[in-house]
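Listed here are the chains, written in short residue letters.
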Amino acid sequence: MSLLSPIIRAEELYKRITGQMDGERKQQITASTLAIVDCRFWLMEPERGQEAYKEGHIPGAVYFDLDRDLSSPKAEHGGRHPLPQPQVLAQRLTEAGITHESVVVAYDAQGGANASRLWWLLQWLGHEGEVLLLDGGIQAWEQEGYPLEQEEVGSVFDNRLAGVVSSKETSIYTPRVRDHLVASMEEVASKLGNPRVRLIDSRESPRYRGEVEPIDPKAGHIPGAVNTFWQQSLDEAGRWRSAAEQQARWSSIVGDADEVIVYCGSGVTACPNVLALWQAGYTNAKLYAGSWSDWISYSENPIATGEE
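Predicted model only: the values in this text are computed from it and were never measured. (Residues numbered from 1 in each chain as written. Predicted model: local features only at pLDDT ≥ 70, side-chain atom pairs only at ≥ 80, totals over all residues. Heavy atoms only, no water.)

**Some thoughts on helix 5 (residues 113-124)**
Heads up, the rule is: Helix numbering and strand numbering both begin at the N terminus, where a helix is a DSSP run of H or I of at least 4 residues and a strand a DSSP run of E of at least 2. Every helix has an expected span of 1.5 Å times one less than the residues it contains. Burial here depends on accessible area, computed with a 1.4 Å probe over protein chains only, as a share of the maximum for the residue type. Under 20% is buried, over 50% is exposed, and the range in between is partly exposed.
For helix 5, built from 12 residues, the straight-helix expectation of 16 Å at 1.5 Å per residue is met to within 8% by its first-to-last C-alpha distance of 17 Å. Burial within helix 5 is extensive, with 12 of its 12 residues counted as buried. When helix 5 is considered as a whole, its buried residues turn out to be Ala113, Asn114, Ala115, Ser116, Arg117, Leu118, Trp119, Trp120, Leu121, Leu122, Gln123 and Trp124. Positive backbone phi, approximately 80°, marks Gly126, located one or two places after helix 5.

See below:
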């Protein structure tokens with residue numbers, strides 16, 4: 001089983017930004033191909049992420065908002081954070097100067113939950129370059145004493161730390177959607193009770209058990225789902241576990257299942273679990289993008305409570 005390591009530490013990111021790399025890797029990663037995206041977002045304070053970005057962000061980073069950039073407007077179905085329309089997200093990527101070949105580094109201040117959403121969306125769009133997650137988020141960057149900037153960045157070609165400010169034209173980002181990475185509500189419903197399918201609920205245990213529900217109108221979980229809180233992908237220090245550690249923990253959860261479908265409340269915090277599964281070699285893991293908030297929008301769908 002092939003293990004992936006889509007995690008980058010603050011020290012390596014700083015070296016990439018400033019060009020402090022040697023040999024072939026330096027030739028591959030230049031200031032113009034490195035795209036840093038700030039994905040900070042607070043669910044109960046939706047404007048706070050943009051404000052935090054303006055107060056200080058990693059030099060050269062552009063800001064992507066969870067509601068405006070990484071989701072579509074809410075509708076009757078599709079959950080609280082429906083997937084963005086591929087062409088709309090592609091246009092946003094084009095405006096930011098991100099091409100299919102860009103090495104994208106996403107970060108947030110939420111343990112990687114929102115940054116993982118961008119990581120997954122780029123997999124879904126068929127991105128060809130590396131997509132990496134900053135380990136420890138902006139907190140790790142600041143703990144290392146690396147600089148922040150306040151000026152808003154419109155394009156990734158505007159990288160002051162590396163001394164690169166360019167108006168270079170970028171190619172139009174053309175989505176190459178990989179629909180097999182998404183599970184629809186109908187697919188999930190059709191596979192309930194199938195022992196060859198592992199359905200994973202990424203929310204906190206009390207919400208999974210239906211004891212509390214602070215956000216959605218109905219409590220509980222999709223019948224047959226097992227609960228694996230997304231933050232278990234992090235260690236006690238809030239850093240991302242290694243690929244070997246992820247494989248060890250997920251092998252006992254996935255077992256001999258042929259398919260893995262992951263969901264959460266709205267398709268955001270399921271993404272770090274999908275990333276961790278891919279990191280462990282389970283690249284067949286899909287995202288139920290609408291997740292619990294979509295599931296309960298259909299009155300006929302069954303609901304379970306308690307442990308399974």
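**Quick word on the nonpolar core**
The tendency in soluble globular proteins is for nonpolar side chains to be buried side by side. Our working definition: Definition used in this section: a nonpolar core is a set of buried Ala, Val, Leu, Ile, Met, Phe, Trp, Tyr and Cys residues joined via side-chain atoms within 4.5 Å. What makes two residues a contact is simply this: any of their non-hydrogen atoms within 4.5 Å.
Ranked by size, the top nonpolar core spans 56 residues in total, and within it Phe64, Ile98, Leu118, Trp120 and Leu277 carry the most contacts. Residue contributions to this core peak at 8 residues, all from helix 5. Excluding anything up to four places from it in sequence, Trp120 contacts Leu83, Leu181, Val182, Cys271, Val274 and Leu287. Grouped together as the second largest cluster of nonpolar side chains are 17 residues, Ala10, Ile36, Tyr107 and Ile138 included.

**Looking at the environment of Ala140**
Along the chain, the position of Ala140 falls in helix 6 (residues 137-143). Taking the relative accessible area as the measure of exposure, Ala140 reaches 2% and is therefore buried. Through-space distance from the C-alpha of Ala140 to that of Ala109 is 9.4 Å; in sequence the pair is 31 residues apart.

**What to know about unusual backbone geometry**
A negative phi angle characterises most non-glycine residues, just as the trans form characterises most peptide bonds. The phi angle at Ser291 is positive, at roughly 55°, despite the residue not being glycine. Among the secondary structure elements, Ser291 is positioned in helix 11 (residues 291-295). Overall, Ser291 belongs to the buried group, its relative accessible area being 0%.

**Let's talk about the packing of aromatic side chains**
Rules: Whether two aromatic rings pair depends on their centres lying within 6.5 Å, for rings of Phe, Tyr and Trp, where Trp uses its six-membered ring; planes under 30 degrees apart make the pair stacked, over 60 edge-to-face, and the rest tilted.
Taken as a whole and judged by the stated rule, the model has 7 aromatic pairs. Seen in terms of ring centroids, Tyr14 and Trp141 are 6.0 Å apart; in terms of plane orientation they differ by 55°. Their pairing is tilted. Of this pair, Tyr14 sits in helix 1 (residues 10-18) while Trp141 is found in helix 6, placing the two residues 127 residues apart along the sequence. Pairing Tyr14 with Tyr146 gives two aromatic rings, centres 4.3 Å apart and planes at 5°, and the pair type is stacked. One end of the pair, Tyr14, is in helix 1; the other, Tyr146, is in the loop between helix 6 and strand 6 (158-159), with 132 residues separating them in the sequence.

**Re the sheet that holds strand 4 (residues 103-107)**
So the rule is basically this: A strand pair is defined by DSSP finding two or more bridges across the two strands.
Taken in spatial order, the 5 strands of this open sheet run 1-5-4-2-3, and their pairing is parallel. Edge positions in the open sheet fall to strand 1 (7-8) and strand 3 (62-63), since each of these has one partner strand only. Pairing of strand 2 (residues 34-38) with strand 3 involves 2 bridges; the strand directions are parallel. When the bridges of strand 3 are listed, Val37 appears paired with Val62.

**Side note on helix 3 (residues 48-55)**
Test applied: By construction, the arc corresponds to the directions joining the helix axis to the C-beta atoms.
All buried positions along helix 3 are accounted for by Gly49, Gln50, Ala52 and Tyr53. Looking straight down helix 3, one finds its buried side chains confined to an arc of 160°; they lie on one side. On its buried face, helix 3 sits against strand 2 and strand 3.

Geometry only, nothing functional implied.
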